[in-house]
Amino acid sequence: MDREALAYALRLLSRRALSRARLREKLLARFPEAEAEGVLKRLEELGYLDDRALAETLVALRPKYGPAKLRHLLRARGVPEEVAEEVLAAYGEEEVLQAALRALRRYPRRQDQAKAVRFLLGRGFPLGVALEAFRLAKEEESG
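What counts, and at which threshold
- Residues numbered from 1 in each chain as written.
- Predicted model: local features only at pLDDT ≥ 70, side-chain atom pairs only at ≥ 80, totals over all residues.
- Heavy atoms only, no water.
- Patch = residues over 30% accessible without salt bridge, like charges linked within 9 Å, V, L, I, M, F, W, Y side chains within 5 Å.
- Areas by Shrake-Rupley, 256 points an atom, 1.4 Å probe, with all protein chains shown as cover.
- Salt bridge = Lys/Arg side-chain N within 4 Å of Asp/Glu carboxyl O.
- Lys, Arg positive; Asp, Glu negative; His and termini not counted.
- Charge placed at Lys NZ, Arg CZ, Asp CG, Glu CD.
- Helix = DSSP H or I, 4+ residues; strand = E, 2+ residues; numbered from the N terminus.
- Buried < 20%, exposed > 50% of the residue type's maximum accessible area, 1.4 Å probe, protein only.
- Phe/Tyr/Trp six-rings, centres within 6.5 Å; stacked < 30°, edge-to-face > 60°.
- Lys NZ or Arg CZ within 6 Å of the ring centre and 35° of its normal.
- Axes fitted to C-alpha atoms, helices over the stretch in contact; angles between N-to-C directions.
- Parallel < 35°, antiparallel > 145°, perpendicular 65-115°, else oblique.
- Left-handed = near helix turned anticlockwise from the far one by under 90°.
- Contact = heavy atoms within 4.5 Å.
- Nonpolar A, V, L, I, M, F, W, Y, C, P; charged D, E, K, R; others polar.

1. Some remarks on a positive patch on the surface
Residues R11, R15, R16, K26 and R30 make up a contiguous surface patch of positive charge. Within the secondary structure, R16 sits in the loop between α1 (3-15) and α2 (20-28). Judged by its relative accessible area of 48%, R16 falls in the partly exposed class.

2. Description of a nonpolar patch on the surface
A surface patch of nonpolar side chains, about 280 Å² in accessible area, is lined by L10, L46 and Y48. Counting through the fold element by element, Y48 comes out in the loop between α3 (33-46) and α4 (51-60).

3. Observations concerning the packing of aromatic side chains
As enumerated under the stated definition, the model contains two aromatic pairs in all. Seen from their ring centres, Y8 and F31 are 5.9 Å apart, and the 55° between their planes marks the pair as tilted. Here Y8 is found in helix α1, whereas its partner F31 is found in the loop between α2 and α3, with 23 residues between them in sequence. Classification of F31 by relative accessible area gives buried; the value is 9%. Between the aromatic rings of Y107 and F119, the centroid separation amounts to 4.1 Å while the plane-to-plane angle is 15°, which identifies the pairing as stacked. Taken together, the residues Y107 in the loop between α7 (93-105) and α8 (113-122) and F119 in helix α8 connect sequence positions 12 residues apart. Between R30 and the ring centre of Y8, over which it is positioned, the NZ or CZ distance is 4.2 Å.

4. What about the packing of α4 against helix α6 (residues 81-89)?
Helices that pack against each other are described as a pair by the angle of their axes relative to one another and the distance between those axes. Relative orientation of the contacting elements α4 and α6 amounts to 45°, with a least axis distance of 9 Å. The orientation of α4 with respect to α6, classified from their angle, is oblique. Between α4 and α6 lies a crossing of right-handed hand. Of α6, the residues touching α4 (which contributes D51, R52, A55, E56 and V59) are V83, E86, V87 and L88. For the contact of α4 with α6, a count of residues per class yields five nonpolar, no polar and four charged.

5. Regarding the pattern of salt bridges
Overall, the coordinates contain 14 salt bridges when judged by the stated rule. Across the salt bridge formed by R42 and E45, the nearest N and O atoms sit 3.4 Å from each other. With a gap of three residues between them, R42 and E45 both fall in helix α3, about one helical turn apart. The class of R42 is partly exposed, set by a relative accessible area of 34%. In this structure, the salt-bridge partner of E139 is R135, at a minimum N-O distance of 2.3 Å. Placement of both E139 and R135 in helix α9 (residues 127-142) is noted, with a separation of four residues, approximately one turn of the helix. Its relative accessible area of 38% is what places R135 among the partly exposed residues. One salt-bridge network, in which partners are shared between bridges, spans R20, R24, E33, E37 and E44.

See below:
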């Protein structure tokens, strides 16, 4: 394994958390495949490269988004589909509903059902969750 490739990968990771796939792309642009794979393996052994941890962090840092939007963001960052699904499966129904409520409380037009539900759908929440969040928000305001 080349020290230059490892140093380059560590520099990239020091700036921003990257998925294995994204880091592999960047390494392959500058180094041979065997060298890149060696660096990736070493970084995984050291614990510096972990797609599951990256996915969990991205989900935790975006509490105002629903599962569909989070899935899209994870896919865009190069997180493997199966890892994304496992992480999102841990995101239970009650947490999804609470996240929708939090997002809706900050939305200025939350009294208009069509706009509020459309807002939540755009944030990646399922229709049933969006409707339930709207109902609960109405109850909070009137009660």
